[in-house]
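A closer look at the structure
In case you want the letters, here they are:
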Amino acid sequence: MEQRKEAIICLEGLGKQFQTTNGTVTALDDINLEILKGEIFGIIGLSGAGKSTLVRCINYLETPTAGRVIFEGQNLSMMKEAEIRKARQSMGMIFQQFNLLAQRNVLQNVCFPMEIAGVPKAEAKKRAAELLKLVGLEERMKAYPAQLSGGQKQRVGVARAFSANPDIILMDEPFSALDPVTRGELQNEVVKLQKRFHKTIVFVTHDMDEAIKMADRICIIQNGQIAQFDRPEEILKRPANAYVEEFVGKNRLWGNPAYIHAEDIMKKAVIHISKNRTVLQALQIMRHNTVDSLLVTSGREHRLEGIVWLKNLQEVKDYSASLEEYITQDYISVYADTSLQEIIDTVDYDASGIIPVVNHENELLGGLTKSGLLATLSKRYRRDSTEGAEE
């Protein structure tokens, strides 16, 4: 059993209101969630939903008007301003607008958080150079922000956020101002750095594809409240309400075959036979069901023993013979949690027969057919072609 990770951030009944000329505006209302150490956590929602306010409340750039923010076991709401500033040193931040210091070159910008943290200059330069190499800017260390492209500036921002070795990195729509190619490259860079340094990352986005690509878990915000909070595949399969379904997109699951598993698409009522039956009984079952193979199981748990083929049994002279003698392993099985992507990459579409789906104790749970797989793969296109059609 996988050990549950420890929470680095706990939000308890978090609320935030702003006073405007038109009265009180509620930006966040009763937010309760945990962010786990070492995970990439996505916060997504429409413009004005409260997602950026939520991130700014985590590091107390905005002071919540209700609830608590617990960071590494400490209640930030009980801290004095000087203590909060010290706690922020354990939080890196990447902004949409880069926020680089114009009078400092690339290397100096990355060194800046380490200077504030009191890291010796030589050590800071060494770490900054290492990080810049990791983000592909080792040749631009002496350049100034005005000499950089948008993508290069954000790479500096990413390196700077990791430089002071923070426990958590907060990212407020860091890629939204970039072109699609650069955005994809930087998403990959951040994931690569997270895997190398095992940092907790919380990022805000309005792009569901970006959230699915990067996040271990996603929190969807609707009008300042949590609409759904789960792993990407669960949100894709089971949207909590119409807002989430509309936001995610009805067809998006079918564009992400890594999140569809064998158990989601298998046929549960699969024809099979006990290994203690005879050749004649197997032939009768195959002819009655118009199939050319039959899965063979044993015991009450229906443990999968193998498969028998019609062409082989038709050559048997003694139809009263035990079926067990003719069982072969000439088949491919998949586990219930095998992804559709893995199945697509594994299955031989020229071969006949059913694909048994088993648990990790090799007990038969169901089956996949080639025609069923093709129907699943075409489902997204059928939906796309029918959406918007007039009746």
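See above for the structure.
If you're wondering where the values come from, they're calculated on a predicted model, not measured in any experiment. (Residues numbered from 1 in each chain as written. Predicted model: local features only at pLDDT ≥ 70, side-chain atom pairs only at ≥ 80, totals over all residues. Heavy atoms only, no water.)

Strand order in this open sheet of four strands is β2-β1-β4-β5, and the pairing throughout is antiparallel. The sheet is open, and its two edges are formed by β2 (23-36) and β5 (74-75), each paired on a single side. As paired strands, strand β1 (residues 7-20) and strand β4 (residues 66-71) are joined by five bridges and run antiparallel to one another. Paired with E12 across the bridge in β4 is R68. (Pairing = 2+ DSSP bridges. Helix = DSSP H or I, 4+ residues; strand = E, 2+ residues; numbered from the N terminus.)

Moving on: the nonpolar core. Counting residues in hydrophobic clusters, the biggest one holds 49 residues, and the most contacted among them are L132, V158, F162, M171, M208, I218 and I220. In contact with L132, other than residues within four places in its own chain, are V106, L107, V110, L137, E138, M141 and A159. One finds I9, I58, F71 and L76 within the second-largest nonpolar core, a separate group that totals 30 residues. (Core = buried A, V, L, I, M, F, W, Y, C linked by side-chain atoms within 4.5 Å. Buried < 20%, exposed > 50% of the residue type's maximum accessible area, 1.4 Å probe, protein only. Contact = heavy atoms within 4.5 Å.)

This part is about unusual backbone geometry. With a phi angle near 55°, H302 is a residue other than glycine that sits in the positive phi range. One can find H302 in the loop between β12 (293-298) and β13 (303-309). The class for H302 is partly exposed, based on a relative accessible area of 33%. Notably, N362 is not glycine yet its phi reads approximately 65°, a positive angle. Counting through the fold element by element, N362 comes out in the loop between β15 (355-358) and β16 (364-368).

Taking 1.5 Å of rise per residue, the 14 residues of helix α5 (residues 150-163) would be expected to cover 20 Å, and the 20 Å separating its terminal C-alpha atoms lies within 8% of that figure. Of all the positions in α5, only G151, Q154, R155, V156, G157, V158, A159, R160, A161, F162 and S163 are classed as buried. Once α5 ends, the next one or two residues include N165, with phi positive near 55°. (Expected span 1.5 Å × (residues − 1).)

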